[in-house]
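# Structural characterization, general
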Amino acid sequence: MPNASSWSASSPLLLLWEDSSGTRIFLSLLYAVLAISGTLSNVMVIYLVFSFKKLQTTSNAFIVNGCAADLSVCALWMPQEAVLGLLPPNSSSLRSAEYRLLRGGLLGLGLTVSLASHLLVAFNRYVLITKLPSVYQALYQRRHTGCMIGLSWALALLLVPLLPGLWTPGTAQQPPPRQTDGSSRYTALLLALAVLGQTALLLHCYLGIVRRVRGSAKRVSVLNFHLLHQLPFPAAPPPPRRAQRRLSSVSVLLLCCVFLLGTQPLVWVSLLGFFLRPAPPALQAASWLLLCALSALNPLLYTWRSEEFRRAARSVL
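Residues numbered from 1 in each chain as written. Predicted model: local features only at pLDDT ≥ 70, side-chain atom pairs only at ≥ 80, totals over all residues. Heavy atoms only, no water.

Glancing now at helix H5 (residues 97-130). Because each turn of an α-helix spans 3.6 residues, side chains separated by three or four positions in sequence point in the same direction. Between its terminal C-alpha atoms H5 stretches 49 Å, which fits the 50 Å expected from 34 residues at 1.5 Å a residue. Among the 34 residues of H5, 27 are classified as buried, and the element is accordingly described as predominantly covered. (Helix = DSSP H or I, 4+ residues; strand = E, 2+ residues; numbered from the N terminus. Expected span 1.5 Å × (residues − 1). Buried < 20%, exposed > 50% of the residue type's maximum accessible area, 1.4 Å probe, protein only.)

What follows is the structure, given as C-alpha cells:
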C-alpha cells in the first residue's frame, strides 16, 4: 500500500492523498453523479437557448458560454476521474505525466471560462438595472458581446499552462525541485487572489442590483427589455411590489451564497498553504470538489427562477 506522499503524485482525484479503496470508490461515484447531472443540465440549457428565440438574449449568451465551459469539466474531466479512481495506484494510466497534464488542462480551461462567465452575467445584469437603456444598448451590441465571450476563452488558454502545476507534486522518492515547489505555491496564491477579485466584483454587481431593485422597483418595472425575464425574480404573474423586491433580494443572495460556498474554500485553503502551512489533504480535496461541483449547479442557478426557461423546458419534456 503506497504511503501518502507517493499516492499524491499519481492520484487521479485532484489533490487527494487518501489511499483507501473505499474512499476512492466513494469519490468515483460522486464524480459519476456530478458528471451525469452536470452534463444533462448544461446540455439542456444550451439546447433551450438555441431552440427558443425568446431565450436568445445577451444574458443567456453569457450563460451558454458558461455552460459550454462547464461541459469541459462535467462531460470530459469528471468521467475520467470517476474511471481512474477505480484503478489501482500503480496503473500505467496514472503514471503518465502527459495524461495528467491533459486532464489538468481540461479542468483549468473549464473552470477559468466558467468563473469568467459568472462575472460577465453579473455585470450584464448590473448594467441593465442600474444604467440607462441607451448605455446598455451601446455596450451590449452583438459584436461587443462576441468579443467578451472570445476574451474569456483567450484568457483561459493563456492561464491553462500555469494551472497543472497546482496538482502535480513529486513523489517521496523523487521530491520536486525547490523552484518547482515555489512556483506551484505562487501559482496557487495567484489563483486565490484572482478568484477573490472576481468574487468581489460579482458581489458588487449583485448587491448593487439588490439596492436598486429595493429602492426603485418602479424603474425595474418600466424597463422594456426582454432580458428582465432572466433576472432571479419571476416575470409573470407580477407579485405586489413589496413581495417582488423581497423575492428578488432572496434569489440574488441565494445565488451569491451558493457561489461563495463553491469558490471560497479553495481560496482560503490556498492562502493558508502559502502564508502558514498546507491544509490537511482531505480539506484540500474537499475544496476542489466544491469548486468542480459548481460546474454541475451553474445551469440551475441561472434558470430556476426564469419562467421563460421553465416554459421552454416543459414544452420540450
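Once that is clear, we can look at the UniProt feature "transmembrane region" (unreviewed entry) in the protein. Per the UniProt record, the feature "transmembrane region" (unreviewed entry) sits at residues 25-50, 62-80, 100-123, 144-167, 187-209, 250-276 and 282-304. Across residues 62-80 one finds 100% helix and 0% strand; the C-alpha atoms that close the span lie 27 Å apart. Across residues 282-304 one finds 96% helix and 0% strand; the C-alpha atoms that close the span lie 32 Å apart. (UniProt positions renumbered as here; feature names shortened; annotations may be inferred.)

A word on the side chain of Asn-65. Mapped onto the elements of the fold, Asn-65 is located in helix H3 (residues 58-84). A polar atom in the side chain of Asn-65 sits 2.6 Å from the side chain of Trp-153. Residues within four places of Asn-65 in sequence aside, it is in contact with Val-113, Ser-117, Ile-149, Ser-152 and Trp-153. (Polar contact = N/O pair within 3.5 Å; in protein donor to acceptor, adjacent residues only side chain to side chain. Contact = heavy atoms within 4.5 Å.)

What follows deals with the confidence of the model for the protein. Taken residue by residue, the protein gives an average pLDDT of 76. The fraction at 70 or more is 73%. Confidence drops under pLDDT 50 across residues 1-12; counting only partners more than four residues distant or on other chains, this segment forms 31 contacts. (pLDDT = per-residue confidence, 0-100.)

The subject of this paragraph is the nonpolar core. Soluble, globular proteins show a tendency: their nonpolar side chains are buried together. Ranked by size, the top nonpolar core spans 63 residues in total, and within it Phe-62, Trp-77, Met-78, Leu-107, Tyr-206, Trp-288 and Tyr-302 carry the most contacts. Elements represented by at least two residues in this core include exactly helix H2 (21-51), H3, H5, helix H7 (142-159), helix H8 (178-215), helix H10 (241-275), helix H11 (281-303) and helix H12 (307-316). Not counting residues within four places of it along the chain, the set of residues in contact with Phe-62 comprises Ser-117, Leu-120, Val-121, Asn-124, Tyr-140, Thr-145, Met-148 and Ile-149. Judged by nonpolar contacts, the second largest core, of five residues, contains Ala-69, Leu-109, Val-113 and Val-160. (Core = buried A, V, L, I, M, F, W, Y, C linked by side-chain atoms within 4.5 Å.)

In this section: H11. Over its 23 residues, H11 extends 35 Å from the first C-alpha to the last, a length consistent with the 33 Å expected when each residue adds 1.5 Å. Taken as a whole, H11 carries its principal kink of about 50° at Leu-297; the proline Pro-299 stands between one and four residues after it. (Bend = angle between axes of the 7 residues up to and from the residue.)

On to the packing of H2 against H11, then. One way to put it is that H2 packs onto H11 with a least axis distance of 9 Å and a crossing angle of 30°. Relative to H11, the element H2 is oriented roughly parallel. Note that H2 runs across H11; the crossing there is left-handed. Counted together, Leu-27, Leu-30, Tyr-31, Leu-34, Ser-37, Gly-38, Ser-41, Asn-42 and Val-45 of H2 and Leu-289, Ala-293, Ser-295, Ala-296, Pro-299 and Thr-303 of H11 form the full contact between these two elements. Taken together, the residues that form the contact of H2 with H11 break down as nine nonpolar, six polar and no charged. (Axes fitted to C-alpha atoms, helices over the stretch in contact; angles between N-to-C directions. Parallel < 35°, antiparallel > 145°, perpendicular 65-115°, else oblique. Left-handed = near helix turned anticlockwise from the far one by under 90°. Nonpolar A, V, L, I, M, F, W, Y, C, P; charged D, E, K, R; others polar.)

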